[in-house]
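Listed below, chain by chain, are the residues.
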2 protein chains.
Amino acid sequence: MANLNQGLPQTPFNPYAEDPTALASTGAFFQQQNPFAAHTQPLQYHLYAPLGQHREGLLPYQRQTNDFFLPEKIREDAQRKLEAAHQVMNRFVHSRYVAQYMLTGSDFRLSNEQAIRLVKEWKKVHNGSVVSVHSAFTTRKFQDSSIIFVYDYHPLSKTLAQHHFPQQQTNRYNTRPTVTEDVMWSYITQLANALQAIHKLNLAARCIDASKIILTEKNRIRLSACSILDVLHYEVRRPLGELQQEDLTQVGRLMISLASNTPANSITANNVNIIMQQMGNMFSEPLVNSLMWLVYPSQNGETKTIETFLSKISSQIMANLDMMLHQNDALTSNLYSEIENGRLFRLLCRLGTINERQEFDGDRQWSENGERYMLKLFRDYVFHQVDANGQPVVDLGHIAWTIMRADSAMANVSPCLARVAWPLSLQTDVGPVPRTFR
Amino acid sequence: MANLNQGLPQTPFNPYAEDPTALASTGAFFQQQNPFAAHTQPLQYHLYAPLGQHREGLLPYQRQTNDFFLPEKIREDAQRKLEAAHQVMNRFVHSRYVAQYMLTGSDFRLSNEQAIRLVKEWKKVHNGSVVSVHSAFTTRKFQDSSIIFVYDYHPLSKTLAQHHFPQQQTNRYNTRPTVTEDVMWSYITQLANALQAIHKLNLAARCIDASKIILTEKNRIRLSACSILDVLHYEVRRPLGELQQEDLTQVGRLMISLASNTPANSITANNVNIIMQQMGNMFSEPLVNSLMWLVYPSQNGETKTIETFLSKISSQIMANLDMMLHQNDALTSNLYSEIENGRLFRLLCRLGTINERQEFDGDRQWSENGERYMLKLFRDYVFHQVDANGQPVVDLGHIAWTIMRADSAMANVSPCLARVAWPLSLQTDVGPVPRTFR
């Protein structure tokens, strides 16, 4: 077992925390975002999730209004994230930074100015699976000597610890999100992506732990808290090769911990064999073999590198790439369904600000025979359609179509405007709208 | 050179075309989309690309209206694609299919009903780098016996042949798009992705040619025309292993042809060595080595598989995966900037269809003291803001903010509506808007 102990470092992981064990399992490094939510009235999403007609009552070629817009789920998810970001940003509007202040009580020494410059190296890491580091600085604003690390902000993200090892019992049966083979491969691939970028720049992550990896979207993880240990442990530097080996071991250990639903610090040299055996029943052989390669020291004594690991899991990387291609296609098609709404909204705002301004009732330019009367006629044509019996008709297609045609100054915009000599353009240099805004 | 000839198949590639050489270089398999464009008035994009104020005149924290919306380039690109799709769909509105009829004059025999069932196997290929096959059927609608293959439709896509070997001189210096190392790796990775999915299902692509690969977005390629050769050559089936080997060779050959700017059919056993040598000056060693591996038969006689190739280029696959992650983030953030516009537009439409309906002037429900008068007041509050001097003010932030607040039925929506007892909700069950639409 001497071999194995060499593979699994037993050194305390979180030197700047009071109790590294507790921290790792609760994910307390990242402050909970709940306190923010209480300050403003939360948006009431349920109020505007449209129900609409039942699909069953329609013929296959008929479409509901909502079929042409973004799916409600994506919109609500985006809405929540934007709201969270907005609330945080509001509080720190005078600063460029969104600061999260953490009281640990631990002492650290920053005796060397050089140490904080290490962060510059980390700023070169531009990777989709690493939370970008912006800068680090010292401050006395908190009535002590603090060191502040600045990272990208990802609203409403959870740590893997919060997601997979929740503290509160979420339901009666205390079921946790199950980790499937696909999720495992997806996590492994993304961590490998992060490590490749980091190791290529002669750095080491040093913080691959469930409490330091954030989950920003479904199955999308990012490695956070990079560079902190490099700065704090500047005086007691360890060789880079050793740290990089440890990164690989930590990835393996984290994945075993997720797969077996055991906290990472309960995995010791004594029980790792049993855990791996149990995993063999639930997961495929290539997955178990990859984890074994990561956790155990190499048999023939050669140095393990991330490049070797990549070539071992190339088929899975490709599967993930294909997944991302599909996701890209889905995102693009969602974006396309919303593509003209911004323009339509702005055009309606233009019309709205001009029409029915009662304060200008005496003005010849705005009166019933002035040039802006045309816009009123156009508004009537767009919105106040009636059917053969004179009953009001709401036709969203007609509204969007006529506004867009008017905007691009096409001929035959509106039959009721046939006697008007120039095309009713909302954007060109001629016409009532540009003249109003001049 | 016997070895090499074995590696590079010299059989005519396009048996259903009159002149396979011409077809391969012009990409005539896919009909040009120009004829469609003449039928309707093309949209005049230049008319509504907003210019706005110069960024220089603003302070860093000030934002222009357009900063909050989708970048103009993405919108215009999407607009063009949607327009192309719309035009094609319009012409075939009674059919589920967008058919492209190609007159080749070649004869083929479909003597066996079993042949067309092969397409069922191809329908299982769901891959981001393969154009999905939907079905194949025979028809006499074109006054002959035709066989129709149905694929996904990607508007405004070009073939690689059209993109990299254009027929018309595009400018005076006849410069072609240069193929950089990154583009090469991106193409290779995507083709490998396609081949992995295809070979896994015990199929072979058989059609990896610049005229059969379409470019749908920037650097995003998809393998098209799959399954055609399988159906047409059903009688003269060749062993699967041989075809899969040929796929790998064809990928290598295509990439060499793109890198050296030589049509694929000009690359023969005689000049391939010289071309590879020249490539060594422009491209990195790993790239040249990968292409050599693809093109030449393996040294020790073992069978080349796509899995082996994947493990060779794993580092590049990872680089592509990271690129896709970044692209996903960019797409998501674009989507987020458009997220509420659809809703805002629909709300303004609701307001517009209710307000100022002159035909109801006599109706007590719609009059100045009816309940819908409130909506008129609200409209005034939203759009007709004035500054301290009574001058009209256009504040898009105010418009969006008040409408959204009204929609989610929040308190204190509008000071001018303070005397109204119930919240002005546009979506809940109470209030004038739902009552109007009931």
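Nothing here was measured: the structure is a model prediction, and the numbers come from that model. Each chain has its residues counted from 1, running along the sequence as written. Whichever chain is written first is A, and whichever ligand is written first is 1; the rest continue in order. Per-residue local features of the predicted model are confined to residues with pLDDT of at least 70, and side-chain atom pairs are confined, for both listing and counting, to 80 or more; whole-chain, interface and lining totals are unaffected and use all residues. Side-chain figures throughout are based on the complete set of non-hydrogen atoms in the structure, without hydrogens or water.

Trainee: Report on the overall build of chain A, specifying residues and quantitative values.
Mentor: Helix and strand counts for chain A come out as 17 helices and five strands. Classification of residues uses two cut-offs on accessible area relative to the type maximum, computed with a 1.4 Å probe and protein chains only: under 20% is buried, over 50% is exposed, and between them is partly exposed. Burial statistics for chain A: of 438 residues in total, 48% are counted as buried. A separation of at least 24 residues holds for 67% of the contacts in chain A among residues at least 6 apart in sequence. Split by element, the accessible area of chain A, about 22,700 Å² in all, is 52% carbon and sulfur. Strands are runs of DSSP state E lasting at least two residues, helices are runs of H or I lasting at least four, and both sets are numbered from the N terminus onward. Any pair of residues with heavy atoms lying within 4.5 Å of one another is described as a contacting pair. To be clear on the numbers: accessible area is Shrake-Rupley with a 1.4 Å probe, and residue cover counts the displayed protein chains and nothing else.

Trainee: Let's hear about empty space enclosed by the protein: which residues, and what values?
Mentor: A probe as big as a water molecule, rolled over the atoms, marks out the empty space that is left. The definitions used throughout rest on a 1 Å grid laid over the protein atoms alone, on which a cavity is an enclosed set of points accommodating a 1.4 Å probe that cannot get out and a pocket is an open set flanked by protein within 12 Å on both sides along at least five of seven lines; lining residues are those having an atom within 4 Å of a point. Grid points are joined across faces, edges and corners, and a volume is the space filled by probe spheres set on the points. Considering all chains together, one arrives at five cavities of 30 Å³ or more under this definition. Reported here for the largest cavity is a volume of approximately 200 Å³. Together, 14 residues line the largest cavity, and A:G352, A:R379, A:F383, B:G352 and B:F383 are the ones closest to its centre. Broken down by secondary-structure element, the contributors of at least two residues to the lining of the largest cavity are α14 (341–354) and α15 (373–383) of chain A together with α14 (341–354) and α15 (373–383) of chain B. Under the scheme applied, nonpolar residues are Ala, Val, Leu, Ile, Met, Phe, Trp, Tyr, Cys and Pro; charged residues are Asp, Glu, Lys and Arg; polar residues are all the others, including Gly. The residue makeup of the lining of the largest cavity, split by class, is six nonpolar, four polar and four charged.

Trainee: Lay out the interface of chain A and chain B in plain terms, naming residues and giving numbers.
Mentor: Every contact between the two is made by 87 residues of chain A and, on the other side, 87 residues of chain B. For the pairing of chain A and chain B, the buried interface totals around 7,600 Å² over both sides, and the portion due to carbon and sulfur atoms is 67%. Take a side-chain nitrogen of Lys or Arg and a carboxyl oxygen of Asp or Glu: if they are within 4 Å of each other, that pair is a salt bridge. There are four salt bridges connecting chain A and chain B. For A:D329, the salt bridge identified is with B:R222, shortest N-O distance 3.2 Å. Within 3.5 Å is the distance limit for a polar contact, defined as a pair of N or O atoms, with the added protein rule that one can donate a hydrogen and the other accept it, and that residues adjacent in sequence qualify only through two side-chain atoms. Counting across the interface, chain A meets chain B through 17 residue pairs in polar contact (both at pLDDT 80 or more). We define buried area as the total accessible area lost by two parts upon association, computed with a 1.4 Å probe and summed across both.

Trainee: Outline the relation of the copies chain A and chain B, listing residues and values.
Mentor: Copy-to-copy alignment: least squares on C-alpha atoms, limited to residues at pLDDT 70 or above in both. Structural alignment of chain A on chain B gives an RMSD of 0.1 Å, achieved by rotating through 180 degrees and translating 0.0 Å along the axis. Such a combination of rotation and displacement between the chain copies is what one expects of a two-fold axis. Both copies present the same face, since 100% of the interface residues in chain A are matched by interface residues at the equivalent positions in chain B.

Trainee: Please give an account of the packing of aromatic side chains that cites residues and values.
Mentor: Pairing of aromatic rings covers Phe, Tyr and Trp, the last through its six-membered ring, and needs centres within 6.5 Å; plane angles under 30 degrees mean stacked, over 60 mean edge-to-face, and all others mean tilted. Enumeration over the complete set of coordinates arrives at two aromatic pairs over all chains. Ring plane angle 15 degrees and centroid distance 5.6 Å describe the contact between A:W293 and A:F309, whose orientation is recorded as stacked. With A:W293 in helix α11 (residues 285–295) and A:F309 in helix α12 (residues 306–312), the pair connects residues that are 16 residues apart, well separated along the chain. In this structure, A:W293 and A:F309 share a single accessibility class: buried. For a ring to carry a charge above it, either NZ of a lysine or CZ of an arginine must fall within 6 Å of the ring centroid while also lying within 35 degrees of the normal to the ring plane. Of note, B:K304 hangs over the ring of B:W293, and the distance from its end group to the ring centre comes to 5.6 Å.

Trainee: Would you mind going over the pairing of strand β5 (residues 220–223) of chain A in detail, with residue names and values included?
Mentor: The two faces of the sheet receive side chains in turn, since in a regular strand these alternate between them. Residue and element names in this part refer to chain A. Burial along β5 is two-sided: the residues R220 and R222 and I221 and L223 are all buried. Pairing geometry for strand β4 (residues 213–217) and β5, over four bridges, is antiparallel. From the neighbouring strand, I213 faces β5, where its bridge partner is L223. Between β4 and β5, which pair antiparallel one after the other, the connecting turn spans two residues, and N219 there sits at a positive phi close to 60 degrees. Whether two strands pair comes down to DSSP finding at least two bridges between them.

Trainee: So what's going on with the pattern of salt bridges? Residues and values would help.
Mentor: Tallied over the full model, the rule gives 14 salt bridges over all chains. Linking A:R379 and A:D380 is a salt bridge whose minimum nitrogen-to-oxygen distance equals 3.2 Å. Owing to a relative accessible area of 7%, A:R379 belongs among the buried residues under this scheme. Overlapping salt bridges, with partners in common, bring together A:R220, A:R222 and B:D329 in one network.

Trainee: Tell me about the side chain of A:N320, and please be specific about residues and values.
Mentor: Inspection of the secondary structure assignment puts A:N320 in helix α13 (residues 314–337). In this structure, A:N320 is in contact with A:W185, A:S186, A:T189 and B:L321, ignoring residues within four places of it in sequence.

Trainee: Tell me about the pairing of strand β4 (residues 213–217) of chain B, and please be specific about residues and values.
Mentor: All names here are of chain B. With respect to burial, β4 is a largely interior element, four of its five residues being buried. When strand β3 (residues 158–159) meets β4, the two strands line up antiparallel, connected through two bridges. Paired with K158 across the two strands is L215, which belongs to β4.

Trainee: Describe the sheet that holds β5(A), and please don't skip the residues or the numbers.
Mentor: Residues and elements named next belong to chain A. Spatially, the three strands line up as an open sheet ordered β3-β4-β5, and their pairing is antiparallel. Each having just a single partner strand, β3 (158–159) and β5 make up the two edges of the open sheet. Here helix α7 (residues 181–200) sits on the sheet and contacts β4 and β5; the angle it forms with β5, its principal contact strand, is near 30 degrees. Think of each axis as a best-fit line through the C-alpha atoms, taken over the contacting stretch in the case of a helix, with angles from 0 to 180 degrees between the N-to-C directions.

Trainee: Describe α14(A), with residues and values.
Mentor: Helices are assigned an expected span. That span is 1.5 Å times one less than the residue count. In this model α14(A) runs 20 Å from its N-terminal to its C-terminal C-alpha over 14 residues, within 8% of the 20 Å that 1.5 Å per residue would give. Downstream of α14(A) by one or two residues, A:E356 has phi in the positive range, about 60 degrees.

Trainee: Can you lay out the packing of α13(A) against helix α13 (residues 314–337) of chain B for me, pointing to particular residues and giving the numbers?
Mentor: Taken N-terminus to C-terminus, the directions of α13(A) and α13(B) make an angle of 20 degrees; their axes are 9 Å apart at the nearest point. One element, α13(A), and the other, α13(B), form an angle in the roughly parallel class. Viewed along their axes, α13(A) and α13(B) form a crossing whose handedness is left-handed. Its residues assigned to classes, the contact of α13(A) with α13(B) comprises 14 nonpolar, twelve polar and no charged. What sets the label is the angle itself: under 35 degrees gives roughly parallel, over 145 gives roughly antiparallel, 65 to 115 gives roughly perpendicular, and the rest give oblique. When the near helix sits turned anticlockwise from the far one by under a right angle, the crossing is termed left-handed; a clockwise turn instead gives a right-handed crossing.

Trainee: Which residues make up the sheet that holds β3(B), and what values go with them?
Mentor: On the basis of which strands lie adjacent, the open sheet formed by three strands has the order β3-β4-β5 (chain B) and antiparallel pairing. A strand with exactly one partner marks an edge of an open sheet, and here the two such strands are β3 and β5 (220–223) of chain B.

Trainee: Could you give me a rundown of unusual backbone geometry, with the residues and numbers involved?
Mentor: One non-glycine residue, B:N202, lies in positive phi territory at about 55 degrees. Within the element layout of this structure, B:N202 appears in the loop between α7 (181–200) and β4.

Trainee: Hey, could you go over the side chain of B:E246 for me, with residue numbers and the actual values?
Mentor: Residues and elements named next belong to chain B. If you trace the backbone, E246 turns up in helix α9 (residues 240–260). The class for E246 is buried, based on a relative accessible area of 16%. At 2.5 Å, the side chain of E246 and the side chain of R238 are in polar contact.

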